[in-house]
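Topology and contacts: notes
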Amino acid sequence: MFLMDIQQRLSKLRFFDVKPDFSSLSDDEKKALGYCVDASNIMTDIYLDQVGSNNRKIYNQLRARGDAEGKDLLKYFLINGSPWDKFDGDKPFIPGVGKRPKFGSFYPVGLKESEWNDWLKQHPEDREEFEDHNTVIKRRKNGLVAVAYSEEYKDRLDQASGNLRRAAHHLPEGKLKTFLESRANAFISNEYFNSDMAWVDTDGNPFEVTIGPYEVYFDELLGLKASFESFVALPDKDATQALAKFGPKVPGFDRMLSEEFDFSPKGSAIPLEVVSDVIRGGEAAFGYLFVAYNLPNDRKVHDLKGSKKVFSRTMMEAKFNTGLLPTAERVIHPRYLDSCTFDNRLLFVLGHELAHGLGPNKVKVDGREIPFETALKDLHSSIEEAKADVLGVRLLDHFRKEGLIDDKTLEGILITNIAGFFQQWNKGVTEAYASGNLVEYNWLKESGALRYDTKTQRYEIDLEPCVDSMSKLSTEFLKLQMSGDYEKAKAFMNQWSSIPPEIPEVIRNISDVPMGVVPVWDLSGLR
C-alpha cells in the first residue's frame, strides 16, 4: 500500500510563494481583512474534525513528533488535511489509519444508507432536519438525531462570528459589511439564507470573503452534508472587467434552456470576480485546490437572485503553468498548442462556473420537490461537475454565435479541457471531477470528435463535432438530473466511466508532471 515514501509524495508537488499586495487597502480595511483571516483559520480547525472522528488525534500525534519523518508527515498532512492522500486516490500515507471514511464525522460510525432510509420511512417528520446540509447525524437513545452545526461546533463558530463582527466594525456601510454581519448571525443561528443572499450582492471590494459551510463533495454516503471552508482574496479589477462582457448574455441562454427543459429561469444576478488569493481555510485549503467556484449552492437563492462566480487568478496561473501546459505538450498534437493559453483556460473555467448556475435544479420524487443532490446522492457531484463542463461549452458556443469569441478561441478552450482531463487523472480517477471527465472523454471518443493516434500518442479534435457532441451530452446530464432516478443515473455513469486501455499509457507519459501546487502564504504585509 505504501509504495511511495513521504519524500516521494512531497516531490510530486510544487510549492510556490503567495505574498499579497495590500497597498490598495486602508488601515481600517487591513484590520478588517485580518479579522477575516482569523475567522478563516477557525474554518480549518472545524474542518479537521469534519474529516473524521480520529483526524484530530492523528494530527496531534504528528505535531508531537520531533523526528525528520514525523515533520514530513505533518507537512503532508497539512497539505491534505488528513492522513489520506488526495493526490493518490485518497490512499492512506500513514500506516494503520485505514481507508478514508466515506462521510467524515457527519454521520455515526457504521451508519448504512439502508438504516438512514428505514429511519426516515418510520420518522418522516425528521426528514427536513436530516437532509439539511448544515446538520450532523448522531445516535442517541438507540435512535438517530440531527444536530445543527451551530450546536455541534458552537464554541468555534461563536469565535468566528465575533471575528466577522470585528471585521465589519472596521468597514463603512456597504455590501461587504452587510454580508459579514449577516454571516456572523448565521454562524449562531444556523440559518444561512439571508447571508447567502447578501453575499451574492458583494463585488469583491475592498476584498473578497467567502466563508461558511458550502460544498458537499466530502459526503460520499448521501452527498448532503456541507464542509466548512473559507477564501479571502483581493480584487483583480482589470481581469474582472475583461470578463464583464459575458454576463449580460447569460440570462438569454438560460431562458433558451428553460424553454427546452420546462423550468423557470434563474435570478438575473451574474456577478463575476477575478481575484488574487490572500488565504484559504477549511476544505478550500487542502488537496487539489479550486481555481474557481459558483456559490451559494442554495437553490432558493439561485431562483430569487442568482449566484456569484469567483475566479482565483493566483491558483489558475500556478496550475496552468505547472501542470496543464506541460501536460498538453505531452498529449495534444503540436498543431493545437499555440491555442493552449492561459486566457483560453480562463474562458473554459468561466463557462464551467456559469453553467453551474444554469438549467433546472430541483426534481419531484414521490410527489416531493427536492434538489438534485438529494435525489442523486453520491452520484450528484460527478454528474454536476461533468454537466458544468459540457453545458459550459454549449454556453461558450452561444458566446461565439453572439460574436464575443471566435472559432480559434473556442478550439483553444476545448484543447485546455482535454488536457485538463489528464492533469486530473494524473492524480487518480476517484474524485467527482475525474469520474465525470471519463464520461466526457468516452462520449467524445465514441462520437469521433476526439481521436487518439497510437503511433504519436497524441490527441486531435474536430471543433464542430466536438461542440455538437458536448451539447448532446449536456442534454443527457440534464435529463438525468431532472429524472431524479438514482438507478438510471448510476447505470449511465457505469456505462460511460470505464477506463479505456490507452489512458494508463498516456498517464505514464506524464507521470513526472507535478500533480499539484501548494501555496506558501506570506501575510507579513498585513500586520
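Residues numbered from 1 in each chain as written. Predicted model: local features only at pLDDT ≥ 70, side-chain atom pairs only at ≥ 80, totals over all residues. Heavy atoms only, no water.

**Observations concerning the pattern of salt bridges**
Worth spelling out the cut-off: One side-chain nitrogen of Lys or Arg within 4 Å of one carboxyl oxygen of Asp or Glu is enough to make a salt bridge. For the purposes of this entry, the term helix denotes a DSSP run of H or I that reaches at least four residues, the term strand denotes a run of E that reaches at least two, and both are numbered from the N terminus. Accessible area is worked out with a 1.4 Å probe on protein chains only. A residue is then buried under 20% of its type maximum, exposed over 50%, and partly exposed in between.
One pass over the structure, following the stated rule, counts 38 salt bridges. For the salt bridge of Glu411 with Lys408, the shortest nitrogen-to-oxygen distance reads 3.8 Å. Pair noted here: Glu411 and Lys408 are both in helix H18 (residues 407-425), with a separation of 3 residues, about one helical turn. A residue is classified by how much of its surface remains accessible, and Glu411, at 16% relative accessible area, is buried. Salt-bridge contacts for Lys445 lead to Glu502; the nearest nitrogen and oxygen are separated by 3.3 Å. With Lys445 in helix H19 (residues 432-447) and Glu502 in helix H22 (residues 502-509), this pair connects stretches of sequence that are 57 residues apart. Residue Lys445 is classed as partly exposed on the basis of its relative accessible area of 34%. Under the relative-accessibility criterion, Glu502 is labelled buried at 9%. Overlapping salt bridges bring together Asp397, Arg400, Lys401, Asp407 and Glu464 as one network.

**Here's the deal with helix H9 (residues 175-189)**
To keep it simple, the criterion reads: What a helix should span is 1.5 Å times the count of its residues minus one. Throughout, a residue-residue contact means that at least one pair of heavy atoms, one from each residue, lies within 4.5 Å.
Taking 1.5 Å per residue, 15 residues should reach 21 Å; H9 reaches 21 Å between its end C-alpha atoms and fits that length. By the burial criterion, the buried members of H9 are Leu176, Lys177, Phe179, Leu180, Ser182, Arg183, Ala184, Ala186 and Phe187. The elements touched by buried residues of H9 are helix H2 (27-51), helix H7 (149-152), helix H8 (154-169), helix H10 (193-201), strand S6 (208-213) and strand S7 (228-235). Asn190, located one to two residues past H9, shows a positive phi value of around 70°.

**Some thoughts on unusual backbone geometry**
The residue after Asn205, namely Pro206, is reached through a cis peptide bond having omega 0°. Positionally, Pro206 belongs in the loop between H10 and S6. A cis amide bond links Leu295 with the next residue in sequence, Pro296, at an omega value of -5°. At Asp90, a position not held by glycine, the phi torsion is positive, near 60°. Relative to the helices and strands, Asp90 is located in the loop between strand S2 (84-85) and strand S3 (91-92). The phi dihedral of Asp262 falls on the positive side, at around 60°, and the residue is not glycine. As for its position among the elements, Asp262 is in the loop between helix H12 (250-261) and strand S8 (272-282). Look at Asp262 and you get exposed, because its relative accessible area is 70%.

**Some thoughts on the packing of aromatic side chains**
Operational definition: A pair of aromatic rings is counted whenever rings of Phe, Tyr or Trp (Trp by its six-membered ring) have centres within 6.5 Å, and the orientation is called stacked for planes under 30 degrees apart, edge-to-face for over 60 and tilted otherwise.
Within the structure shown, the criterion is met by 29 aromatic pairs. With 6.2 Å between their ring centres and 75° between their planes, Tyr47 and Phe218 make a pair best called edge-to-face. Of this pair, Tyr47 sits in helix H2 while Phe218 sits in the loop between S6 and S7; the two residues are 171 residues apart in sequence, bridging distant segments of the chain. Its relative accessible area of 5% is what places Phe218 among the buried residues.

**Some remarks on the pairing of strand S10 (residues 308-312)**
For the record, the criterion: In this analysis, strands are considered paired if DSSP registers two or more bridges between them.
Among the 5 residues that make up S10, 5 are buried, leaving the element largely enclosed by the rest of the structure. Going residue by residue along S10, you find Lys308, Val310 and Ser312 tucked away on one face and Lys309 and Phe311 tucked away on the opposite face as well. Sheet analysis places S8 next to S10, joined by 4 bridges and oriented parallel. Bridged to Val274 within S10 is Phe311. Examined bridge by bridge, strand S9 (residues 292-295) and S10 share 4 bridges and lie antiparallel to one another. In the sheet register, Tyr293 faces S10, and the bridge partner there is Val310.

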